[in-house]
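Residues per chain, in single letters:
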Amino acid sequence: MSKPAKPFRLYNTLLRSTEPLVTQEPNHLTLYSCGPTVYSYAHIGNFRSFLTSDLIVRTAQAIGWKTTYVSNVTDVGHLTEDDVADSSGEDKMARALHSKGGQQFANVWDLARHYTEVLINDWNQLNLLAPQVRPRATQHMREQIQAIEQLVESGHAYEAPNAVYFSVDSFPNYGKLSGNTSGDELETAVRNVVVDDGKRDPRDFALWKKDEKHLMQWHSPWGWGFPGWHLECSVMAQQYLGDTLDLHAGGEDLIFPHHECEIAQAESLTGKPFARHWVHTRFLQVEGEKMAKSAGNFFTVRDLVAPEDEGGRGVPPMALRYALISGHYRKPYNFTFQTLRACAGHVNRYTEAEARVNKALTAASEAGDDHLGPVLEPIYERVLDAMLEDLNTPSALAAALEGVKAIQAADDLNVASARSARMWLDRIEKLLGIKGNEPTRTETAEPDAFAQRVEAMIRSRNEARAAKDWTFADAVRDELTALGVELKDGADGTMWRRTDDLAGTWR
Ligand code: AMP
Ligand code: ZN
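Residues numbered from 1 in each chain as written. Chains lettered and ligands numbered in written order. Predicted model: local features only at pLDDT ≥ 70, side-chain atom pairs only at ≥ 80, totals over all residues. Heavy atoms only, no water.

Draft legend 1. Region of the structure containing the overall build of the chain. Scanning the chain from N- to C-terminus turns up 16 helices and 18 strands. Burial analysis of the chain (507 residues in total) assigns 52% to the buried set. By element, 49% of the accessible surface of the chain is carried by carbon and sulfur atoms, the whole surface being about 23000 Å². (Helix = DSSP H or I, 4+ residues; strand = E, 2+ residues; numbered from the N terminus. Buried < 20%, exposed > 50% of the residue type's maximum accessible area, 1.4 Å probe, protein only. Areas by Shrake-Rupley, 256 points an atom, 1.4 Å probe, with all protein chains shown as cover.)

Pasting the structure below:
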């Protein structure tokens, strides 16, 4: 009899307690994760937050749930002081365009496109799952304008000479997420807001800013201008996921004002709860200090993973992923180079275990019992249990490493054990996103090494098919697909070609 499924428990900022994640539709999780503003390269702190969402999706999938995952790109220029409810300051995109690094771009649109492309590249390098939808604020302007019109019509917003404001007084639940409900906390939170005589209440925040000089501007019923930052996320989340989401995630700085304002907008529009579960990742620091360009401790993904001859530090992307998830998401995380080195060592063990298993699979088929499967299976259960308990990544990674060490230590890796080990490593990768290092540029530059590896995998798939082990055969095919290899089975055997090979020759 299979074990009863454990609940997937996660801390909910809204309820201030760890609760089972209950989806509206059984076994189908809908989630929205706040993405970055693309005016420069995303830093490792941003990725710590994106990785929390990635691990939520992976854990949900591991227990058989379907997931609908949306993560946006903020490509409208917003203002530099956005940590207060109604921001002021300089436009971030415009400032980036006029900086030294911005000189290569023709305009802000070009700049946003470049940083979005790099974001997706970093995302893939760190093995984050692609969201089903990656909506961009600039492509959802009509929906944002319509939302403001509805809020004005229903008395939740009003037009002033310089902006359209959300009326906080019209939404009595304002503050329910952050606890900034009234009195001193809210006073402190809003003390630096834009001073505008047209505002009815200092707590009100802009839904639309009128500005005919802004580098990115759109026409609206209130003239030329641009939307307030909080609006895009609630509008795009509801467009793709419906009125109520199962889960909404972001970094801890977003609890107030961003998510508080999203709730006010969304719930005023529909009268329904906006998100049932709110998940926030604590900030990453570097060597015990707040990460800041001025402190010289500010790292983007590419600063670390780019090869040394391209100005990077040559850190394997998997080692960086390992380090970024090695601390619990709800504790502040201190990123250090010592930890990074230790994590690189752990990833090397994965690489070695995989190489060992792949070699054993291609060796001549030997009889023998599966010794590893019974050892590895309970380890996978422990890894999954840790993830189901509020994403306990430190425990999950430690348990997974025990399995990797068991594979390294097994002295008779016969074909049956190697198959179990291969499947276990694949399941761990699906759940934690951790696997051995990809071959480096110099290794991949040698086409024969790649061809040899593919051909060895094809041989082991054919052996599995001959033994009617369809699960294993399919797992090998999936792995080949992930490597960018397409297969064709025919009377003369199996042919293959690289999907990115423009000539498309079968070999
Ligand atoms: P931003 O581009 O500033 O809107 O940030 C994108 C995401 O990264 C948001 O969810 C932020 O809360 C998160 N974030 C920003 N800085 C950090 C940090 N140092 N540690 C963890 N998450 C961060
Ligand atoms: Zn957002």
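Structure's up, so let's keep going.
Draft legend 2. Molecular detail of the site of ligand 1. Around ligand 1, a shell composed of 16 residues is seen, among which G45, S49, G251, D253 and L284 lie nearest. In this structure, N46 approaches ligand 1 through a side-chain N or O atom, which is 3.0 Å from an oxygen atom. At 2.3 Å from an oxygen atom of ligand 1 is found a side-chain nitrogen or oxygen belonging to D253. At the level of elements, helix 1 (44-62) and strand 12 (245-251) are the ones that each hand at least two residues to the shell around ligand 1. The element best represented in the shell around ligand 1 is helix 1, accounting for four residues. (Near = heavy atom within 4 Å. Polar contact = N/O pair within 3.5 Å; in protein donor to acceptor, adjacent residues only side chain to side chain.)

Draft legend 3. Structural detail: the sheet that holds strand 8 (residues 163-166). Strand order in the open sheet made by the five strands is 7-8-9-11-10, with antiparallel pairing throughout. On the outer flanks of this sheet lie strand 7 (157-159) and strand 10 (218-220), each paired with one strand and no other. Each neighbouring strand pair of the sheet contributes to a mean axis angle of 35°, computed without reference to strand direction. Strand direction decides the pairing type here: strand 7 and strand 8, joined by three bridges, are antiparallel. Residue pairing across strands places E159 opposite V164, the latter belonging to strand 8. (Pairing = 2+ DSSP bridges. Axes fitted to C-alpha atoms, helices over the stretch in contact; angles between N-to-C directions.)

Draft legend 4. Focus on the sheet that holds strand 14 (residues 284-286). An order of 15-14-16 is seen for the three strands of this open sheet, with the pairing classed as mixed. The open sheet has two edge strands, strand 15 (289-290) and strand 16 (333-335), and neither has a second partner. Pairing between strand 14 and strand 16: three bridges, direction parallel. From the neighbouring strand, Q285 faces strand 16, where its bridge partner is N334. Its contacts with the sheet place helix 1 against strand 14 and strand 16, and it is angled at close to 150° to strand 14. (Contact = heavy atoms within 4.5 Å.)

Draft legend 5. Unusual backbone geometry, seen in detail. The peptide bond linking F256 to P257 adopts the cis configuration, its omega dihedral lying at 5°. Within the secondary structure, P257 sits in helix 7 (residues 255-270). Unlike most non-glycine residues, N27 shows phi in positive territory, near 60°. Within the element layout of this structure, N27 appears in the loop between strand 2 (17-20) and strand 3 (28-33).

Draft legend 6. Looking closely at the coordination of the zinc ion (ligand 2). Distances from the zinc ion (ligand 2) to its protein donors, namely C34 (SG), C233 (SG) and H258 (NE2), fall within the range 2.1 to 2.2 Å. We note that the donor set of the zinc ion (ligand 2) lies within a single chain, spaced as C-x198-C-x24-H. With C34 in the loop between strand 3 and helix 1 and C233 in helix 6 (residues 229-241), this pair connects stretches of sequence that are 199 residues apart. For the residue pair C34 and C233, the accessibility class agrees, reading buried in each case. (Donors = N, O, S within 2.8 Å, 3.2 Å for Na, K, Ca; no water.)

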